[in-house]
Amino acid sequence: ILDETWPFARAKAIRTIIAKMDDNNYLLLTVTNEEGYGLSLIQCVEMLQTYFDPAWVYDLDGGPSSALVCREKDGSWKRIFGGRRQDADIMAFTE
């Protein structure tokens, strides 16, 4: 449920969104805001409903602390996007 009159819903910003597609598949959407570009929550919802039809969607903190990282086969961490700040909140996915 998204109140489209809420100013934050219309603001283009950095976003990190997780969506459940089915029992075995999730989608991670990372949106940058470099050079003033970005997506509003309304645009994200419309895109996800049009192209993916997820079971549910959760908008995570997408500010400058947001980062997408993965663990390499050698055990090291690779930053894919973001992470300009050194915050400690983590959501981890494992096999």
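Everything discussed here concerns the structure shown above.
Cut-offs and rules
The residue numbering used here restarts from 1 in each chain and proceeds along that chain's sequence as written. It should be noted that, the model being predicted, local features are given only for residues of pLDDT at least 70 and side-chain atom pairs only at 80 or more, the latter also being counted only at that level, while totals for whole chains, interfaces and linings use all residues. Side-chain figures throughout are based on the complete set of non-hydrogen atoms in the structure, without hydrogens or water. The pairing criterion for strands is at least two bridges between them, as found by DSSP. By the criteria applied, helices consist of DSSP H or I runs no shorter than four residues and strands consist of E runs no shorter than two, each listed in order from the N terminus. Axis definition: a line fit to C-alpha positions, over the contact stretch in the case of helices; interaxial angles, taken between N-to-C directions, run 0 to 180 degrees. Only protein chains enter the accessibility calculation, which uses a 1.4 Å probe; a residue is then buried when its area is under 20% of its type maximum, exposed when over 50%, and partly exposed in between. Centre distance within 6.5 Å is the pairing criterion for rings of Phe, Tyr and Trp, where only the six-membered ring of Trp is used; planes under 30 degrees apart are then read as stacked, over 60 as edge-to-face, and the remainder as tilted. The criterion for a charge sitting over a ring is simple: Lys NZ or Arg CZ within 6 Å of the ring centre, and within 35 degrees of the ring normal. Nonpolar cores were defined as sets of buried Ala, Val, Leu, Ile, Met, Phe, Trp, Tyr and Cys residues, with membership established by side-chain atoms within 4.5 Å. Whether two residues are in contact is decided by their heavy atoms: any pair within 4.5 Å suffices.

### Focus: the sheet that holds strand S1 (residues 15–22)
Then comes step 1: With antiparallel pairing, three strands are arranged side by side in an open sheet as S2-S1-S3. Each end of this open sheet is capped by a strand with a single partner; those strands are strand S2 (25–31) and strand S3 (56–60). In this sheet, neighbouring strand axes are inclined to one another by 20° on average, regardless of whether the strands run parallel or antiparallel.
Then comes step 2: For S1 and S3, the ladder comprises five bridges, and the chain directions are antiparallel. Across the sheet, Ile 18 pairs through a bridge with Tyr 58, a residue of S3.

### Here we look at the pairing of strand S4 (residues 67–71)
Then comes step 1: As defined by bridge partners, S4 adjoins strand S5 (residues 77–82) across five bridges and the pair is classed as antiparallel. Bridge assignment links Cys 70 to a residue of S5, and that residue is Lys 78.
Then comes step 2: Counting the residues between successive antiparallel strands, the hairpin from S4 to S5 contains five residues, one of them, Gly 75, with a positive phi of roughly 95°.

### Some words on the pairing of S1
Regular strands place side chains that alternate from one sheet face to the opposite one.
Then comes step 1: Along S1, six of the eight residues are buried, which leaves the element largely enclosed by surrounding structure.
Then comes step 2: The pairing of S1 with S2 spans seven bridges and is classified as antiparallel. Among the inter-strand pairings, Asp 22 is bridged to a residue of S2, identified as Asn 25.

### Quick notes on the packing of aromatic side chains
Then comes step 1: Considering all chains together, one arrives at two aromatic pairs under this definition.
Then comes step 2: Look at Trp 6 and Phe 8: their rings are 5.2 Å apart centre to centre, the planes differ by 50°, and that puts the pair in the tilted class.
Then comes step 3: Of the residues examined, Phe 8 reaches a relative accessible area of 39% and is grouped as partly exposed.
Then comes step 4: Positioned above the aromatic ring of Phe 8 is the side chain of Arg 15, whose terminal nitrogen or guanidinium carbon lies 5.0 Å from the ring centre.

### Observations concerning the nonpolar core
Then comes step 1: Within the largest apolar cluster, seven residues are counted, these being Ile 17, Ala 19, Leu 27, Leu 29, Val 31, Cys 44 and Leu 48.
Then comes step 2: Looking at this core, the elements that each hand over two or more residues are S1, S2 and helix H2 (41–51).
Then comes step 3: At three residues, S2 tops the list of elements feeding residues into this core.
Then comes step 4: What Leu 48 contacts, discounting residues up to four positions off in sequence, is Ile 17, Leu 27, Asp 53, Pro 54 and Val 57.

### Description of the side chain of Ser 40
Then comes step 1: Note on placement: Ser 40 falls in the loop between S2 and H2.
Then comes step 2: Excluding residues within four positions of it along the chain, Ser 40 makes contact with Ala 9, Arg 10, Ala 11, Lys 12 and Arg 15.

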